Structures are given as structure tokens and as C-alpha cells.
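# Structural description and commentary
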2 protein chains.
Amino acid sequence: MANDKKKVEAITSMDEDFAQWYTDVVLKADLTGYTSVKGFMVLKPAGYAIWELIQQQLDARFKETGVENVYLPLMIPESLLEKEKDHVEGFAPEVAWVTYGGTSKLQERMCVRPTSETLFCDFYQKDITSYRDLPKVYNQWCSVVRWEKETRPFLRSREFLWQEGHTAHATAEEAEARTEQMLNVYADFCEDVLAIPVVRGQKTEKEKFAGAVATYTIEALMHDGKALQSGTSHNFGDGFAKAFGVQYTDKDNTLKYVHQTSWGVTTRLIGAVIMVHGDNDGLVLPPRIAPTQVMIIPIQQKKEGVLEAVDALAEKLSKAVRVKTDKTDKSPGFKFAEQEMRGIPIRIEVGPRDLENGEAVVVRRDTGDKQTVKLEELETLIPALLDTIQKEMLERARAHRDAHTYTAASWDQFKEIIDTKPGFIKAMWCGDQACEDAIKEETGATTRCMPFEQECISENCVYCGKAAKKMVYFGRAY
Amino acid sequence: MANDKKKVEAITSMDEDFAQWYTDVVLKADLTGYTSVKGFMVLKPAGYAIWELIQQQLDARFKETGVENVYLPLMIPESLLEKEKDHVEGFAPEVAWVTYGGTSKLQERMCVRPTSETLFCDFYQKDITSYRDLPKVYNQWCSVVRWEKETRPFLRSREFLWQEGHTAHATAEEAEARTEQMLNVYADFCEDVLAIPVVRGQKTEKEKFAGAVATYTIEALMHDGKALQSGTSHNFGDGFAKAFGVQYTDKDNTLKYVHQTSWGVTTRLIGAVIMVHGDNDGLVLPPRIAPTQVMIIPIQQKKEGVLEAVDALAEKLSKAVRVKTDKTDKSPGFKFAEQEMRGIPIRIEVGPRDLENGEAVVVRRDTGDKQTVKLEELETLIPALLDTIQKEMLERARAHRDAHTYTAASWDQFKEIIDTKPGFIKAMWCGDQACEDAIKEETGATTRCMPFEQECISENCVYCGKAAKKMVYFGRAY
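Structure report, in brief. A quick note: this is a predicted structure, and the numbers were derived from the prediction, not measured. (Residues numbered from 1 in each chain as written. Chains lettered and ligands numbered in written order. Predicted model: local features only at pLDDT ≥ 70, side-chain atom pairs only at ≥ 80, totals over all residues. Heavy atoms only, no water.)

### A look at the overall build of chain A
The condition that has to hold: Helix numbers and strand numbers start at the N terminus; a helix is a DSSP run of H or I with at least 4 residues, a strand a run of E with at least 2. In this description the radius of gyration comes from C-alpha coordinates, and the expected globular size is given by 2.2 Å times residues to the power 0.38. Each residue is assigned to one of three classes by its accessible area relative to the maximum for its type, calculated with a 1.4 Å probe on protein chains only: buried under 20%, partly exposed between the two thresholds, exposed over 50%. In what follows, residue pairs with any heavy atoms lying within 4.5 Å of each other are defined as contacts. The Shrake-Rupley method, run with a 1.4 Å probe sphere, supplies the accessible areas, and residue values consider only the shown protein chains as cover. By the counting scheme adopted, Arg and Lys are positive, Glu and Asp are negative, and His together with the chain ends is not counted. By convention, the charge on Lys lies at NZ, on Arg at CZ, on Asp at CG and on Glu at CD.
The helix and strand inventory of chain A stands at 15 helices and 21 strands. In summary, chain A has a C-alpha radius of gyration of 25 Å against a globular reference of 23 Å for 478 residues, a match within 12%. Dimensions of chain A, computed from the C-alpha atoms along their principal axes, are close to 80 × 60 × 45 Å. Of all 478 residues assigned to chain A, the portion counted as buried reaches 59%. A separation threshold of at least 6 residues defines the contact pool for chain A, and within that pool the share at least 24 residues apart is 68%. For chain A, the accessible surface area stands at approximately 18,900 Å², while carbon and sulfur atoms represent 47% of it. In chain A, the 61 positive side-chain charges and the 74 negative ones have mean positions that sit 3 Å from each other.

### Digging into the pattern of salt bridges
Any two side chains of opposite charge can pair, so long as their charged atoms come close to each other. The line we're drawing: One speaks of a salt bridge when a side-chain nitrogen belonging to Lys or Arg is within 4 Å of a carboxyl oxygen belonging to Asp or Glu.
Tallied over the entire structure, the rule returns 70 salt bridges over all chains. Salt-bridge contacts for A:Asp30 lead to A:Lys44; the nearest nitrogen and oxygen are separated by 2.9 Å. Placement of A:Asp30 in the loop between α2 (18–28) and α3 (45–64) and of A:Lys44 in the loop between α2 and α3 is noted, with a sequence separation of 14 residues between them. In terms of burial, A:Asp30 and A:Lys44 fall into one category: buried. Across the pair A:Asp311 and A:Lys327 runs a salt bridge whose closest N-O atoms are separated by 2.8 Å. Placement of the pair is A:Asp311 in helix α10 (residues 306–317) and A:Lys327 in the loop between β14 (323–325) and α11 (332–341), with a sequence separation of 16 residues. One salt-bridge network, in which partners are shared between bridges, spans A:Asp30, A:Lys44, A:Arg342, B:Asp127 and B:Lys136.

### Considerations on the nonpolar core
What counts is decided by this rule: By nonpolar core is meant a set of buried Ala, Val, Leu, Ile, Met, Phe, Trp, Tyr and Cys residues that side-chain atoms within 4.5 Å join together.
Within the largest apolar cluster, 208 residues are counted, with the highest numbers of intra-cluster contacts made by A:Met75, A:Leu194, A:Ile274, B:Met75, B:Leu194 and B:Ile274. Excluding residues that lie within four positions of it along the chain, B:Ile274 makes contacts with B:Trp21, B:Tyr22, B:Val25, B:Val26, B:Leu31, B:Phe154 and B:Leu283.

### Quick notes on the packing of α10(A) against helix α13 (residues 378–403) of chain A
When two helices pack together, their arrangement is given by the angle between the helix axes and the distance between those axes. All names here are of chain A. The condition is simple: Lines are fitted to the C-alpha atoms to define the axes, a helix being fitted only along its stretch in contact, and any angle between axes, read from their N-to-C directions, falls within 0 to 180 degrees. If an angle is under 35 degrees, it is roughly parallel; if it is over 145, roughly antiparallel; if it lies from 65 to 115, roughly perpendicular; otherwise it is oblique. Two helices that cross are described as forming a left-handed crossing if the nearer one is turned anticlockwise from the farther one by less than a right angle, and a right-handed crossing if clockwise.
Where α10 meets α13, the axes come as close as 10 Å, and the angle between the chain directions of the two elements is 60°. Judged by the inter-axis angle, α10 sits oblique to α13. Between α10 and α13 the crossing geometry is right-handed. Contacts between α10 and α13 pair Leu313, Lys316 and Leu317 from the former with Leu378, Glu379 and Ile382 from the latter.

### Brief notes about the sheet that holds strand β15 (residues 346–350) of chain B
All names here are of chain B. What counts here: Strand pairing is defined by DSSP finding a minimum of two bridges between the two strands.
Here five strands make up an open sheet; going across it, the order is β14-β13-β15-β16-β17 and the pairing mixed. Each edge of the open sheet is held by one strand with a lone partner, namely β14 (323–325) and β17 (370–374). Taking each pair of neighbouring strands and ignoring which way they run, the sheet shows an average axis angle of 25°. Strands β13 (294–298), β14 and β15 of the sheet are contacted by helix α10 (residues 306–317), whose axis makes an angle of about 170° with β13. Set on the sheet, helix α11 (residues 332–341) makes contact with β13 and β15; between it and β13 the angle comes to about 175°.

### Some details on helix α9 (residues 268–277) of chain B
The buried fraction of α9(B) is high, at ten of ten residues. Within the span of α9(B), buried status applies to B:Arg268, B:Leu269, B:Ile270, B:Gly271, B:Ala272, B:Val273, B:Ile274, B:Met275, B:Val276 and B:His277.

### Side note on the relation of the copies chain A and chain B
Put simply, the two copies of the chain differ by a rotation about an axis and a shift along that axis. Selection criterion: The copies are overlaid by a least-squares fit using only the C-alpha atoms of residues whose pLDDT is at least 70 in both copies.
The two copies are related by a screw motion: chain A maps onto chain B through a turn of 180° and a shift of 0.0 Å along the axis, at an RMSD of 0.0 Å. The relationship between the two copies is best expressed as a two-fold rotation axis. Scanning chain A for the C-alpha nearest the rotation axis identifies A:Val98, at a separation of 2.1 Å.

### Things to note about the interface of chain A and chain B
This is how the line gets drawn: In short, buried area is how much 1.4 Å probe accessible area vanishes from two parts on joining, totalled over both. For the purposes of these results, a polar contact is taken to be a pair of N or O atoms within 3.5 Å, where, inside protein, one atom must be able to donate a hydrogen and its partner to accept one; residues adjacent in sequence count only when each atom of the pair is a side-chain atom. For this scheme, ten residues count as nonpolar: Ala, Val, Leu, Ile, Met, Phe, Trp, Tyr, Cys and Pro. Four count as charged, namely Asp, Glu, Lys and Arg, and the remainder, Gly too, count as polar.
In this assembly, 58 residues from chain A lie in contact with 58 residues from chain B. Of the roughly 4,800 Å² buried where chain A meets chain B, counting both sides, 60% is carbon and sulfur surface. Linking chain A with chain B are six salt bridges, by the criterion used here. A salt bridge links A:Asp329 to B:Arg132, with the nearest nitrogen and oxygen atoms 3.5 Å apart. Linking chain A with chain B are 27 residue pairs in polar contact (both at pLDDT 80 or more). Split by residue class, the side of chain A that touches chain B holds 33 nonpolar, eleven polar and 14 charged. Looking at chain direction, strand β3 (residues 96–101) of chain A and strand β3 (residues 96–101) of chain B are connected through five bridges and run antiparallel. Paired with A:Tyr100 across the strands is B:Trp97, a residue of β3(B).

### Topic: α11(A)
Burial in α11(A) covers these residues: A:Phe334, A:Lys335, A:Phe336, A:Glu338, A:Gln339 and A:Met341. Following α11(A) by one or two positions, A:Gly343 adopts a phi angle in the positive range, close to 75°.

### Here's the deal with the pairing of strand β12 (residues 259–266) of chain A
Residues and elements named next belong to chain A. Counting buried positions over the eight residues of β12 gives eight, a clear majority of the element. Both faces of β12 are covered, namely the face carrying His259, Thr261, Trp263 and Val265 and the face carrying Gln260, Ser262, Gly264 and Thr266. Note that strand β6 (residues 159–169) and β12 share eight bridges and pair antiparallel. Looking at β12, one finds that tryptophan 162 is bridged to threonine 266. For strand β9 (residues 227–237) and β12, the ladder comprises five bridges, and the chain directions are antiparallel. Looking at β12, one finds that glycine 237 is bridged to glutamine 260.

### A closer look at the environment of A:His166
Here A:His166 lies in strand β6. Once the C-alpha coordinates of A:His166 and A:Ser262 are considered, the two residues, 96 residues apart in sequence, prove to be 4.4 Å apart.

### A word on the environment of A:His87
Residue and element names in this part refer to chain A. Among the secondary structure elements, histidine 87 is positioned in helix α5 (residues 85–91). The class of histidine 87 is buried, set by a relative accessible area of 1%. Taking the C-alpha atoms as reference, histidine 87 lies 25 Å from tyrosine 100; in sequence the two are 13 residues apart. Reaching out from histidine 87, the side chain makes a polar contact with the backbone oxygen of alanine 210 at a distance of 3.2 Å.

See the structure below:
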């Protein structure tokens, strides 16, 4: 019992110390645990089950757009990583190097993939010969390794789980269309499934992916007002194709380079869910990714008929929703706290008195709202209530995001906002990296993206006052 | 076209050169492809989709027995790998060592997991404190690395995909029961889903897993008469628990060691499917793991109404089966050859004359049987025919296995069989490793398993003539 109790001791208040609150939640909601492998990710059943639901629903959306799954090697020989100049510069400093196979020193060292552009190019170079082989719209679910110095569960770790899509197309137009299409798949998924509203936009030259022509991003706002890059989609043009010689014979019998894209989201999305929806009682999961959507908790469970009624109810509800019962010997209050900590969207309390009245008490995790419901109505009410919760969680997150999105027309205004109001700042930018660097240097705020939906706040760059080219979302970020 | 055509050029006959036939099939059925990463596995869409179907169906069977999925780190610090003596001796010679993180030399080198017993022990040591925490029945789907010298697609590669279950129990009895239970899950899965009959048994001391008290195995017989170890389940007793200090406080308030198991199957199962069911026209997939179960091929597709009829039929069948149409500009004969090479269980041919008669031609991949069927009957006939194919493929594989399982009562008989009749040999064994070694040395045959269903062939060891302890399956193996 001692061990269980620890999980529902009060957690740090998020208003007091958001970082500590986050750590408390990931541990006490049992999402992650410890091993001796420093900085590497551990997903316990409650955490992995969320990832499985993300995978299933995202994978189905991928396949609707014609994506096929594949699997390429875990390791990249150094010579392959080095073929594209910008790319190797971006990744070489943070890869893990394998130098021995068994007792033999390798002739060429290999890195554990930090991302697989170079492997897909190597593969496509051998697999594509004709226009008939195009497009290739491949994806893989796997883990990647980046030797981060400071790590935090789900947000930054030396290994993380993700998917990486890599496509090859006959034309530049087709590649651009796919890059945008996948960004929209991610954005819609975040909103529909994770109940997280995102800003869709383009990264600046400084912030784009190593080797890309253009990087698109979805940016979400966490509860503490910090931004989180939540998914990216890159258009590579024919740069990688030229570096790796990925060519096809077109209908006109001439050799042409393919145009490529890549796009990915990671287990970081779980961090986003925690930091957008969580509260001082713990995790709050949107129903669509809640491994358990409904927890039925018996009251006075030793009284005749209570456990039977709980089982019968679970059986009935299980046809439409993911339901569990907690029949352990813990106290009801303890069970409530545990269900709340784990973010289970709905709790149903069933006791002898409820049964006498043919009723149960239904409690929403997100709002705490309680209602007494006739037992025979639960089968229709619960699925509908889950839909309502899903919808209202998105609305609340959007309202929070909008309430924490500010506009700065001058540098004084910008500095005042960044110091006093955590959130996104929309401001104009001249397009010069010197201003971008200076803003970061002076305030810690980075360019999150140049949103697709541009507005004109003023004619001048918020920092240097020269003619503005773009409206940009700025923010301090994870 | 050139590229496509290569895929259906005649392949090497399996009777002439089984190894070359195998290589031809994995490449021409488009299951695997090439990269510059020597000895590492590549799964193209047709290959990965089979693995996805294996995963889904096996994972559902796991979860029915209470298994929960987790994810532990990709890398193991050397000191952790070394904690269990037999285990490190078994694996250290074949692991890949990471020595650098970015530009910094690691203080302690780490290997890429060859298997994760040590990681799960490390994790359980921190996660288990009370009898209330038991049992832990965890599994992970991931890839592992073993630095093999000679590699073959699906059968032996430096990296492969698998699942590894790792459980911790309060008692020795419970651990033993779980070890057997998971072996039976594997055996039933092979028979029901892969249509591969297996022998269930125990490995000898020599062949058991590094660190295990007992290793159980399922052994399948390939078309060429060689054996393939297809899944294993290990009982560790409390050996790992003692090495790692994995203890719990029991109800009587005393500290006890847990008892552990592990069990796994790999992408090798795809190799088994190829070598059990394939023929000289290519792959033959059991319907339950066929990504496409039915291919509809139009004949004279430019004639009015043909493509429309094909689409309408596909639409109708798609409610119950995984169906595709081939409307490319290849010739019907070419399309047939391609569908056969890829092992798609049923082909439906639809041409203008068939349509006039309200009919279509249905062809089984496994037997080549053709029948003409009324269009309106297809919706009921096709799912039933897939069931029949699934069932008959298992029956044929079982008949082949049984016809290639021999009994040797004497050493002369053993030698004669091994030289002339590829297959399993059942023979008696004294239990002495010296005989096991000598048999392997003289014939290349290894002890596949001591089957759970024992028979008494004679009273004496087939090699030394001393009193026999066990009936053993011998065979040359992959």
C-alpha cells in the first residue's frame, strides 16, 4: 500500500512550479519510470498505451493518403551520413557512434540513426529507376537517438519513439503538395484527437531542418505559456537526390532527379497532452487517446449486489467504450484520487444507495461536474459524454491559447509582454537573421513560425524598424 | 516496364537450389530490398505489411492473457549487461558497442540491446517492492542487434524486429505456468494464423538460452526438410532476480526474490512462411497474414464496362476481405504472374465474356484450382474460400511435415536417414552432452527439442547405446 499511496500524495501545484508539477505528473500517473540508462526514455503501460492509440489513429490517417509502412536499418555508416553537407553538419555533433561489432573494431564506424533521410536516399537510389516507380510514399515507426545533454521525459531524451515519413516524387509541385498535406494531417490530428489547437506555419531559414528547402511546423501553446513544436514537415527539393544520385527515367526518356519530403511526430506529443490539459490533480486525457475512458468505482463494495452491479455495468459499457473497474481493497477516496491522477475522463460511482434508486453518479475528470444518472441511460449517455468532453477540451485549450496570444507592434511592447505575459507574441519581422538572433539573445524568445495565415500588424520589423516581410509567432519554447 | 518485368522472370526452381529460390522469392515478391548497410534488414511495403498483420494478431492474443506493452531503452551500459554471468557470456561476443556520444567518448561503453533481460531486471528492481506489484506481465515490440557474420533475409540478420515479453512473478509455479502458456500462444498462433504446424518441446541444456533454467521452443519444418526454431519461451527461475536484487515484500512481511520469464518471436516467422508454403511460382501467403487477400484482374480492360464492373466488385468485396484491383497497362498474363509471385491467395479474372454471362473466374494461388462463379455469389464464396485455403494450407503443411518426420532406432539408421531423407529424426538420447556434440559433429544434425509428447522408440541412446532418458527431435537447421 505504501508504494501505491505515494502515487496520489499531493503533487506540486502547477502555478507554483510548473516544471516540478510536470515531473510529478509523469511519475505519479505512472507514464514513465526509471532505469540505469541515463537520459533514455522508459514508457510504462499507462504511457505506452497512449502512444499505441496515437499510432493507430495517426497511421490510419496516413494510410488514407496512400502512405505505406516500411522498415530501414537502425544504423548509418559514417560515409552515408556525410553525403549531404548541411545534414551532416546538423546531426553529426549529436549522434551515438558504434565502433565495435562484438570484439572486432568496425572498418567504418556507424551511427545509430538520429533520423533516416540518408538511409531512405540510399534505398531510393537503388529502388527507383522509372517514372513508373513514383511516387514513393513510405513511412516508418521506430526510435531514434540524439545525444542530448539535458533531458526531460517525453520532451527531450536521448532516445525517443516517432514516425518518419520519407517520400520521393517526380516533380517539385508534387513534393510541395505532399509536404503541406502531411502538415495538415498532423494539425488535424492534434486538434481532432489530442484536443490541442495548433498554429500552422513555416520555419525561418535559421530554424529549418538541416538539408531542407522549407520546413513547415505546427506549434502548440502549453499551459504555462511556453511553445512546443509538435510536428514538422520538410520539403527537400532535389538537394538530397543530387547528393545521393536518386534519378528516374521520365516518360520522355530523360534522366531526372526526384523531389523529396520528410515529416515526423514523436512521443513529445504525449508531453504536449500533459502540459495542455493537465491540472493540479494530475493528468487529464482527451477521450480519444485515453487507454481507459471510464473507471467504475464501487462504494461500500462489500454490500450485497454492489460488485455484481459494477461488473454488469462494465460488461454493458464495454461494447462502446474502454472501461475498467477498480475492485481493489483501497478506499473509494483513494481510488478517486488515483483515477484523477491518471486522467481517466469519466468516473462512475456505484454504491448500495445508488442501486436502490437504480442510479449511478457520473463525474467528469476535466470539469469535475457530477450528475446522477439512471442506470439504463448510461449506455447512451457515456459515449455522448465522451464526445462532449473531447469537444470541450479542444475549445478550452483554444480559448486558453487565444487568451495567451499577444500582438506587439513595437519593441518596447514586445519586451513588456515577454516579461509579464507568458504566451505567443505575434509581431512583424524584416526577414533578417540578425534581428531574429538579437530578439532571441535579448528575450529568450525564438521565431516559432511564419504562420500560413498572415496578418499585418504594422509595416515595420518589431526589432529594427525596417520594412517588414512577415508576421511571425514568437515565444519561449520547450 | 523493364524494372517491373524483372520481378516476374522465372525464378530458380526450389528443387534445384532451395537457397537461391529463397533469395529470388524475397526479392521478386518485393518483401525486401537493398541498402548500403550490410547485413541489416530492410522491409519493403509488401514485407512490412505481413509483419503488421503478425503483430496485430499476436498482440491481441497477448493482451487476452493480460500482457501489457511497454518500451525500455535501446542501449545497455556494459556494467548492466555483465551482472548475470551466463547471460553476458552468451551475448557479449555478438553485440554492437557504442563508444561515443557526439564528439565525447563515453565513460562507460553501451551496447545496442541484443535482448533486454538485463534492462527489465534493472527496471523491475526499481519498480517492484510489494507482492501487490506482482505479477508484471510486460512486453515490448522493437528491434534488436546481434553482430552476425553471415546473414540471410528474415532468417539471420544484424538487426531484426521482434517482440520480447518479460515477466516477474511471486512464485516459481506461476513463472513456469507463464513460460508454458506463452509457448502455447506461439504454437497456436503459428498453426491458426501462419498455417505452420510446430513441435512443442524443451531445449537441451546445451541449446537453452543464456541464463535460463529452462527454454521451451516451437520447431517447424521447412519445405526443404530443414528445421527452423520459430519461437522460444524461457523460465529464469530466480537467477536473474538474485543477480539484480529484484525482491518484493510478501504478505508475511519477508523479502523474497521474484521468478522471471521471457519469450519472443521475430521477423524470422516471415522466413518460415516463405519456406513452408512457397512454390516455384513464388510466395504463397496464408489468407490471415496476406496484406492483399484477393486481386481482381480485368481482362480486355479497354472494353466497355469491364473496369466499372471490376471497381463495383472490389467495392462490394472490400466489406469483408482485403481486396485490390490491378488496372495498370500490363498484360493480363503479366499481372497473373505478379499476383502469383506475391502470394496473393485468390485471383478473380473479369472480362467482357464473363460479364455477359454474369460470371467471373476465381483462381486459388495455393492449388491453382479455377472455378467459374456467378457474380452475385462472390460475396459469400470469397470469404468462405479464404477460410478453406487457410485450413487446407495448414493440413498440407502438416502432411508434409509428418511425411518428413522419421524414426531412427539405431545409429546406422540415423546416419542413413540424415544422408538421404531431409526432415526431422525422432531418436532416443541418454541426456549426455557428449552424445549430442558427437551427433552434431558427425552429421550436422542438432537437437531441436525434447518434445512435450514423448514416445519410446527404444530403451537406448541412439548414439552411445546407454540407457535413454528422452526422445528427441533432431534435424539440420537454419
